[in-house]
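Below are the chains, spelled out letter by letter.
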Amino acid sequence: MTPQNLWPLGAELGEGPVWIPEQNRLYFVNLVGNTLHALDADGKRHAWPLPDYVCWLIPRKDGDGYMAGLRDGIVRLWLEPEPRFEYLHRLPDADTGIRLNDAKADAAGRIWAGSMNARDVSRADGKLFRLDPDGSLHVALPEYHICNGPTFSLDGRTMYHNDSFLNRTYAYPVRADGSLGTPHLWRQFGDGEGSPDGMTVDSEDCVWIAQWGGARVCRYSPGGDLLATIPMPVTQPSSVAFGGADLKTLYITSAWQGFDAAQRGADPLAGALFSVRTEVAGVPAARFG
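Each chain has its residues counted from 1, running along the sequence as written. In view of the model being predicted, local features appear only for residues whose pLDDT reaches at least 70, and side-chain atom pairs are presented and counted only at 80 or more, with totals across whole chains, interfaces and linings using the full set of residues. Note: side-chain values were computed over all heavy atoms of the structure, leaving out hydrogens and water.

Going by what an unreviewed UniProt entry lists, the protein is known as SMP-30/gluconolactonase/LRE family protein and is assigned to Pseudoduganella umbonata. The record in UniProt for the protein states the following under Sequence similarities (unreviewed entry): "Belongs to the SMP-30/CGR1 family." UniProt positions are given in the numbering used here, feature names are shortened, and annotations may be inferred rather than shown by experiment.

### Topic: the sheet that holds strand β23 (residues 249–254)
Read across the open sheet, the 4 strands follow the order β1-β24-β23-β22; overall the sheet is antiparallel. For this open sheet the edge positions go to β1 (4–7) and β22 (237–243), each flanked by a neighbour on one side alone. Averaged over all pairs of adjacent strands, the angle between strand axes in this sheet comes to 30 degrees, irrespective of strand direction. Any two strands between which DSSP finds at least two bridges are classified as paired. In this description a helix means any DSSP run of H or I spanning at least four residues, a strand means any run of E spanning at least two, and both kinds are numbered starting from the N terminus. In the sheet, β23 pairs with strand β24 (residues 273–277) via 4 bridges, with the strands oriented antiparallel. Angles here are taken between N-to-C directions and fall from 0 to 180 degrees, while the axes themselves are lines fitted to C-alpha atoms, restricted in helices to the stretch in contact.

### Looking at the packing of aromatic side chains
Stacked, tilted and edge-to-face are the three classes assigned to paired rings of Phe, Tyr and Trp, where Trp is represented by its six-membered ring and a pair needs centres within 6.5 Å; plane angles under 30 degrees give stacked, over 60 edge-to-face, the rest tilted. For the structure shown, the criterion picks out 12 aromatic pairs. With centroids separated by 6.0 Å and ring planes inclined at 90 degrees, the aromatic side chains of Phe189 and Tyr220 adopt a geometry described as edge-to-face. Taken together, the residues Phe189 in the loop between β17 (184–188) and β18 (195–201) and Tyr220 in strand β20 (residues 216–220) connect sequence positions 31 residues apart. The rings of Tyr160, Trp186, Phe189 and Tyr220 are connected pair by pair, giving a single aromatic cluster. The lysine or arginine in question, Arg90, covers the ring of Tyr87, its NZ or CZ lying 3.6 Å from the ring centre. The ring of Trp256 has Arg264 lying over it, and the distance from NZ or CZ to the ring centre is 3.8 Å. Criterion for a charge above a ring: Lys NZ or Arg CZ within 6 Å of the ring centre, and within 35 degrees of the ring normal.

Written out as structure tokens, the structure reads:
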């Protein structure tokens, strides 16, 4: 599993890859670059500048545009004929440095979106929100430092979620109504492993995690045992998603955020989009609604 450099974009904070099969297209963001990007299966590239941070994109079940996270809230987003958006919910504390970070939909059509204090990540000011299909927004979890993920087991009964500042991945029971049970610490990442960042689940119910600062992407069993490691040519891989016609292409975003000039020189591919062919397939991305 050798990473291929698909797009040497140089994104300061590449994030949020999601494959939409009917379009044969991968979407991802340059979060602090205020830009949504897309790469078609034939190699054609697209970019949509937005007026503020764009943190994630999630397709809708009805096909009428997308859901997206901006710095200060959750919006409905349309890209054609030109980008436009409407706020559904704004973060009440966005003016204090709180911003949205990562998100994913579950099989029930709910969006789980995290926030963080971008000015001081040592403060546990972040929350994990749940946006239900009826549009109502709920605080699912308080007191997170850096919310990353989540991803869900194939049966939908377990949510894996990261606090990247603490180098921890938790596993939460998910009830049918979307409420969460008591979590357990699924994995504590040690020195040299990096911090758990974006993640996805494959068709064998195993968890793939981009490990920021660890220069690797790893595959874990549902119990948290390390099964495979993909060494990356960048220090900060940031997120992963399966795509391609057979869902056996793992797309990997990366970042150079926080680097000084010397670090950027030593990590010239930082911010590129990569792909790896895998023997196991992923599962289609869930949609909102």
